[in-house]
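Remarks on the overall topology
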Protein chains: 2
Amino acid sequence: MSAASFFPQDIIIKKRDGGALTKDEIEFFAHGVVSGKFADYQATALLMAIFLRGMTPQETAWLTDAMMRSGDVIDLRDLPGAKVDKHSTGGVGDKVSLILAPLAAACGVKVPMMSGRGLGHTGGTLDKLEAIPGFRVRLDVPEFRAILQTVGLAMIGQTPQVVPADRKLYALRDVTGTVECIPLICASIMSKKLAEGIDSLVLDVKFGRGAFMKKKEDALALARAMVAVGQAGGKPVWAQLTAMNQPLGRCAGHTTEVIESIECLKGRGPADLMEVTFSLTGHMLVLGGAARDATDARRRMDAAIADGSALRKFREMCAAQGGDPRVVEDYSILPTANRKLDVRADADAQGFVAEVDALRCGHAIMALGGGRAAVTDNVDHAVGLADLIKIGEPVAPGTLLCTLHLNDEAKGAKAEALVRDAIKFTPAPPRPEPLIQDLVR
Amino acid sequence: MSAASFFPQDIIIKKRDGGALTKDEIEFFAHGVVSGKFADYQATALLMAIFLRGMTPQETAWLTDAMMRSGDVIDLRDLPGAKVDKHSTGGVGDKVSLILAPLAAACGVKVPMMSGRGLGHTGGTLDKLEAIPGFRVRLDVPEFRAILQTVGLAMIGQTPQVVPADRKLYALRDVTGTVECIPLICASIMSKKLAEGIDSLVLDVKFGRGAFMKKKEDALALARAMVAVGQAGGKPVWAQLTAMNQPLGRCAGHTTEVIESIECLKGRGPADLMEVTFSLTGHMLVLGGAARDATDARRRMDAAIADGSALRKFREMCAAQGGDPRVVEDYSILPTANRKLDVRADADAQGFVAEVDALRCGHAIMALGGGRAAVTDNVDHAVGLADLIKIGEPVAPGTLLCTLHLNDEAKGAKAEALVRDAIKFTPAPPRPEPLIQDLVR
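Residues numbered from 1 in each chain as written. Chains lettered and ligands numbered in written order. Predicted model: local features only at pLDDT ≥ 70, side-chain atom pairs only at ≥ 80, totals over all residues. Heavy atoms only, no water.

1. A look at the interface of chain A and chain B
Taken together, the contact between chain A and chain B spans 21 residues of the former and 21 residues of the latter. Taken together, both faces of the contact between chain A and chain B bury some 1,700 Å²; the carbon and sulfur share is 71%. Sorting the residues of chain A by area buried against chain B places Arg16(A), Tyr41(A) and Leu52(A) first, and these three jointly supply 33% of that buried surface. Across the pair Glu180(B) and Arg16(A) runs a salt bridge, and its minimum N-O distance is 3.3 Å. Viewed at the interface, chain B and chain A are joined by nine residue pairs in polar contact (both at pLDDT 80 or more). Of all the secondary-structure elements, those providing two or more residues to the side of chain A that touches chain B are α1 (8-16), α3 (40-53) and α8 (164-174) of chain A. In the side of chain A that touches chain B, the residues fall into ten nonpolar, six polar and five charged. (Contact = heavy atoms within 4.5 Å. Buried area = accessible area lost by both parts, 1.4 Å probe. Salt bridge = Lys/Arg side-chain N within 4 Å of Asp/Glu carboxyl O. Polar contact = N/O pair within 3.5 Å; in protein donor to acceptor, adjacent residues only side chain to side chain. Helix = DSSP H or I, 4+ residues; strand = E, 2+ residues; numbered from the N terminus. Nonpolar A, V, L, I, M, F, W, Y, C, P; charged D, E, K, R; others polar.)

Listed below in structure tokens is the structure:
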């Protein structure tokens, strides 16, 4: 940590007037918000100035680095093999991590994955894993390392010692209108990922109705910023741009997504979910040196699913982290909803599905009790959506649009209304939109 | 107070994106910073957004009004006569209030003046008054009203019940680089003045080296904003623009300025100081209906000085506020410095005074111990500058440039260096700059 000392207001004024901050000034800020030398009310003034004035790629890289060093940085260099992780900016039905991590590990890269919880209309990997009875996501670093070494993957929550500056800054941004700011989003994501001790990283930057970024150009700008920060830190980062207008796969929730993920590892996954999973996992294999190229990667992934080794990795990880490994054969051990309600097309339904609004589907899950409005909320793992119809599929009177897993009739009625509102029909087949639209590297 | 309730972040985001806030949103902010519903770290994010996005005249008027109503508003309507006050944005050697208030009262308007303390290189009226032994500037509202009624003027500090939102916001602005923002400065000044229960107001907006506003166009913008806010509140406001490059008058400090002020009331004031005083007081008399126009006002002021009635008002006010009224005849009862040091022109001095840098003179007073670096500092009332030479006056070897009143030799040496640095010579008489440059009304 630098011994440089500044007055917070001088740093604020510099950014306010459109200046670029120095490495020392940024470090003073990132460490000062944790130590209290940079008061909360000064940090938020600077955050707003950054929001409105921006940050250069160099400033963003310095901020990422300073935030990363505000807490413990995990050192995995003594572990043999390439350590590669994936991060997604989040979407509805995005359970890719649950499939990708064991699949990549089965193909020979180590996956040290620290994930977050769901908030608002998007779910979180930790919450999904916790649907598995006994599964522990709060491991300390020695346990995390040990499981990573023996199993080849470990999926845990961020430890309190990792990037405290991000927790502090995110809480402040959340209540001061400074969330949607590319340099700050970039530094928040990248500081946490680089603190994991990874060698390289694959990012899935979502855009569209159900994503945090509504516009493709914003997603592209964020992808470029994160790739640049990776470069500055000497870690190769590839960022894929993925459309998120309809939910990924046919399930959304917790138990329903765990089941769908295991089905994927058994070779029975829906096309769109597998397309995204194979693409991202393929990038990990290439970055980690476990495959020559995308074609080679795909061949290895197909083999790992066909021979059951990917499913076995999932099972081993479950067991290592305290989860009941029988889940891969017996889905009934997962929390199960009281009632399943089929939502079917009306008597006048005709044509094709034009739209399955991911945001409304996310709200339907929240209505069922399967989401969080505030970080302190509990989630009902049992509830969710399954059998969701996809854009382009034909509809007629009585076609099954979705099955709601519910524990409360009133909540179910609300969710049904939201799901019906989410799904729109059209007389002619809609023009398909590509799912994966770009790769920044 | 409105019953409207908002999320602070929604208000912040609206301003962040360049929107204009509603009356209710502004009220929620101004009252929320006092009640805590608008957290400090949210207030500073909004202040920075206001700094960078601005505020419309309507927003500024609403902010002023909401801040004013964040605490007690003094009601003087039952007191007979026009209540008129003056406010200056501050300068070095600006003791106009001490002369203007008794002069205006002697001419028939009531002057309910609440002033501030000095900070940095500019002095404060309250500190100057406290040089007079026994003088009390902390009166409660009933005492203030009683003295105003019987004497016709009262000069006190802001009570803690008046505009608490400004104290809170100013403290936050001071440490977050959001001070130099015209709508916020305007609302800060005007909310306090309108809370005094005045009918109309004269403003002295300084610009130049020794002023808060360095550029005339900024001073003009501030003047216009304040006049508009007065109009919106139904109170006539006139704003004079005054150059502040050299100190006003020949004295700066506390005891030295009190003496100079009393000399002015005796008809022996320096030309520049009297020019500003007559101009501002004249506006007050016209606004308060005590004079038909500037010429009539000047005639009345000259008479009030000639017949001793202005000096008598000063004496009465002193007595009413606990100060020793003998000060008007005997300056030796004021705190007096141990030593007076004449600063004289060097052996090679020649020509005319081109510059007397007001900012450096202010720093010289601080060096002597007669200023405040922080609000908690104590000031030495005895020290200061006297006999200060003025721009355009001739110099030769040995010409007296200034007399330093000092209590500490080392501090005196520092102050002397600053004063010598402040004064520049030129071979030819410099072109005089007009002191009063504009009137906005």
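2. Points about the pattern of salt bridges
Residues and elements named next belong to chain A. Applying the stated criterion to the full structure yields 77 salt bridges over all chains. Ionic pairing is found between Arg136 and Glu143, a salt bridge with its closest N-O pair at 2.9 Å. Arg136 sits in the partly exposed class, given a relative accessible area of 36%. Overall, the relative accessible area of 29% leaves Glu143 in the partly exposed class. A salt bridge links Glu316 to Lys313; its shortest N-O distance comes to 3.4 Å. In this pair, Glu316 and Lys313 both sit in helix α14 (residues 309-320), three residues apart, roughly one turn of the helix. (Buried < 20%, exposed > 50% of the residue type's maximum accessible area, 1.4 Å probe, protein only.)

3. Concerning the sheet that holds strand β10 (residues 394-395) of chain A
All names here are of chain A. Strand order in this open sheet of three strands is β10-β8-β12, and the pairing throughout is antiparallel. Either end of the sheet is taken by a strand with one partner, and the two such strands are β10 and β12 (423-426). Packed onto the sheet, helix α16 (residues 409-422) meets β8 (351-356) and β12 and runs at close to 35° relative to β12. (Pairing = 2+ DSSP bridges. Axes fitted to C-alpha atoms, helices over the stretch in contact; angles between N-to-C directions.)

4. Concerning the packing of aromatic side chains
In total, this model carries six aromatic pairs over all chains according to the counting rule given. Ring centres of Phe28(A) and Phe38(A) lie 6.1 Å apart, and the angle between their planes is 65°; on these two criteria the pair is classed as edge-to-face. Of the two residues, Phe28(A) sits in helix α2 (residues 23-35) while Phe38(A) sits in the loop between α2 and α3, which places them ten residues apart along the sequence. Their ring planes at 70° and their centres at 5.7 Å tell us that Phe6(B) and Phe28(B) sit as a pair that is edge-to-face. One end of the pair, Phe6(B), is in the segment before α1 (8-16); the other, Phe28(B), is in helix α2 (residues 23-35), with 22 residues separating them in the sequence. Three or more aromatic residues joined by ring pairs make a cluster, and in this case those are Phe6(A), Phe28(A), Phe29(A) and Phe38(A). Positioned above the aromatic ring of Trp238(A) is the side chain of Arg441(A), whose terminal nitrogen or guanidinium carbon lies 4.2 Å from the ring centre. (Phe/Tyr/Trp six-rings, centres within 6.5 Å; stacked < 30°, edge-to-face > 60°. Lys NZ or Arg CZ within 6 Å of the ring centre and 35° of its normal.)

5. Quick notes on the pairing of strand β5 (residues 237-243) of chain A
Residues and elements named next belong to chain A. Among the seven residues in β5, seven count as buried, and that is most of the element. Here β5 shows no split at all, with Val237, Ala239, Leu241 and Ala243 on one side and Trp238, Gln240 and Thr242 on the other all buried. The pairing of strand β4 (residues 200-207) with β5 spans seven bridges and is classified as parallel. Opposite Phe207, over in β5, you have Ala243 as the bridge partner. Note on the crossover from β4 through helix α10 (residues 216-232) to β5: the handedness is right-handed. (Right-handed = clockwise from strand over helix to strand, strands pointing away.)

Remember that the coordinates give geometry; whether it matters functionally is a separate question.
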